[in-house]
Amino acid sequence: MAGARTWALRGLAVVAFVFGIATVRAGGSVLFGDGAAAAGNFFPFVVWFNFLAGFFYVAAAPGLWRGAPWAAWLAGALAILTVLVFAAFGGYVAVGAPYEPRTVAAMSARTLLWLTIAALAWPRRAR
């Protein structure tokens with residue numbers, strides 16, 4: 001069973017790396033390029049968080065692959081911070097701010113991804 005957990009975590013490390021590169025690219029396009037017009041009703045704090053977090057996704061990937069304790073802590077922090085940013089976004093939406101449904105989908109995917117990675121990596125934090 002431990003072997004299956006290791007391979008699942010390694011697969012998710014690859015996903016985190018690719019997702020991190022894509023996140024930095026997409027966030028950078030919205031923040032610094034011509035992607036803002038295509039983004040529609042976006043929340044700058046969500047885009048900034050995701051853009052910066054993308055660098056940490058990439059940084060976490062090799063540690064997750066190796067099962068490094070620090071990567072488990074980073075995955076946990078990313079999961080918690082993503083949940084908090086998603087909740088803040090939800091608060092703005094709840095008071096009537098315009099939003100893009102794709103933001104809900106993207107933040108749901110990020111939250112699920114990092115909660116899953118953190119859950120798989122967490123037992124390795126004390127090595």
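Residues numbered from 1 in each chain as written. Predicted model: local features only at pLDDT ≥ 70, side-chain atom pairs only at ≥ 80, totals over all residues. Heavy atoms only, no water.

Participant: Any chance you could explain the overall build of the protein here in plain terms?
Facilitator: Counting its regular elements, the protein contains five helices and zero strands. Ordering the α and β elements of the protein from the N terminus gives α-α-α-α-α. Rg of the C-alpha trace for the protein: 15 Å, near the compact-globule value of 14 Å for 127 residues, within the 12% margin. Judged by the C-alpha coordinates and their principal axes, the protein covers about 45 × 30 × 20 Å. By residue count, 39% of the 127 residues in the protein fall in the buried class. Summarising the internal contacts of the protein: among those between residues at least 6 apart in sequence, 76% fall at separations of at least 24. When the accessible area of the protein is evaluated, it comes to approximately 6,800 Å², of which 74% is carbon and sulfur surface. (Helix = DSSP H or I, 4+ residues; strand = E, 2+ residues; numbered from the N terminus. Rg over C-alpha atoms; globule rule 2.2 N^0.38 Å. Buried < 20%, exposed > 50% of the residue type's maximum accessible area, 1.4 Å probe, protein only. Contact = heavy atoms within 4.5 Å. Areas by Shrake-Rupley, 256 points an atom, 1.4 Å probe, with all protein chains shown as cover.)

Participant: Could you clarify how one ought to interpret the packing of helix 3 (residues 44-66) against helix 5 (residues 101-121) in this entry?
Facilitator: Packed helices, taken two at a time, are described by their axes: the angle between them and the distance between them. Between helix 3 and helix 5, whose axes approach to 13 Å, the crossing angle comes to 30°. Viewed along their axes, helix 3 and helix 5 adopt a mutual orientation that is roughly parallel. Crossing angle aside, the handedness with which helix 3 passes helix 5 is left-handed. Only Thr103, Met107, Arg110, Trp114, Ile117 and Ala121 of helix 5 make contact with helix 3, whose side of the interface consists of Val46, Asn50, Tyr57, Ala60 and Leu64. (Axes fitted to C-alpha atoms, helices over the stretch in contact; angles between N-to-C directions. Parallel < 35°, antiparallel > 145°, perpendicular 65-115°, else oblique. Left-handed = near helix turned anticlockwise from the far one by under 90°.)

Participant: Would you explain the nonpolar core in this entry?
Facilitator: If you look at soluble globular proteins, the nonpolar side chains tend to sit buried side by side. Grouped together as the largest cluster of nonpolar side chains are 26 residues, with contacts concentrated most on Leu9, Val46, Leu64, Ala75, Leu78, Trp114 and Ile117. Elements supplying a minimum of two residues to this core: helix 1 (2-32), helix 3, helix 4 (69-94) and helix 5. The leading source of residues in this core is helix 4, at eight residues. The residues contacting alanine 75, other than those within four sequence positions of it, are Leu64, Trp114, Ile117 and Ala118. (Core = buried A, V, L, I, M, F, W, Y, C linked by side-chain atoms within 4.5 Å.)

Participant: I keep staring at the environment of alanine 106 and nothing clicks. Help me out?
Facilitator: Position of alanine 106 among the secondary structure elements: in helix 5. Measuring from C-alpha to C-alpha, the distance between alanine 106 and arginine 5 comes to 25 Å, with 101 residues separating the pair along the chain.

Participant: Help me understand the layout of surface pockets, please; the structure alone is not making it clear to me.
Facilitator: Empty pockets left among the atoms are what a rolling probe the size of a water molecule brings to light. Roughly 400 Å³ of volume is contained in the largest pocket. What lines the largest pocket is a set of 20 residues, and nearest its centre among them are Val47, Asn50, Thr103, Ala106 and Arg110. Among the secondary structure elements, those contributing two or more residues to the lining of the largest pocket are helix 1, helix 2 (36-39), helix 3 and helix 5. It is helix 1 that provides the largest number of residues to the lining of the largest pocket, a total of six residues. (1 Å grid on protein atoms, 1.4 Å probe; cavity = no way out; pocket = protein on both sides within 12 Å on 5 of 7 lines; lining within 4 Å. Points joined across faces, edges and corners; volume = space filled by probe spheres on them.)

Participant: In this structure, what is going on with the packing of helix 3 against helix 4? I would like to understand it.
Facilitator: Closest axis-to-axis distance for the helix 3/helix 4 pair is 9 Å, and the angle between their directions is 160°. Here helix 3 is positioned roughly antiparallel relative to helix 4, judged by the angle of their axes. Read as a crossing pair, helix 3 and helix 4 show a hand that is left-handed. Touching Phe45, Val46, Phe49, Ala53, Phe56, Tyr57, Ala59, Ala60, Gly63, Leu64 and Arg66 of helix 3 are Trp70, Ala71, Leu74, Ala75, Leu78, Leu81, Thr82, Val85, Ala88, Phe89 and Tyr92, all from helix 4.

Participant: I'm lost on the packing of aromatic side chains in this one. Help?
Facilitator: Aromatic ring pairs: the centre-centre distance and the angle between the two ring planes describe each pair. What the rule picks out here adds up to 14 aromatic pairs. Ring geometry for tryptophan 7 and tryptophan 65: centres 6.5 Å apart, planes at 90°, overall edge-to-face. Of this pair, tryptophan 7 sits in helix 1 while tryptophan 65 is found in helix 3, placing the two residues 58 residues apart along the sequence. By relative accessible area, tryptophan 65 is classed as partly exposed at 37%. Residues phenylalanine 43 and phenylalanine 89 carry aromatic rings whose centres are separated by 4.9 Å and whose planes lie at 90° to one another, so their mutual orientation is edge-to-face. With phenylalanine 43 in the loop between helix 2 and helix 3 and phenylalanine 89 in helix 4, this residue pair connects regions lying 46 residues apart in the sequence. (Phe/Tyr/Trp six-rings, centres within 6.5 Å; stacked < 30°, edge-to-face > 60°.)

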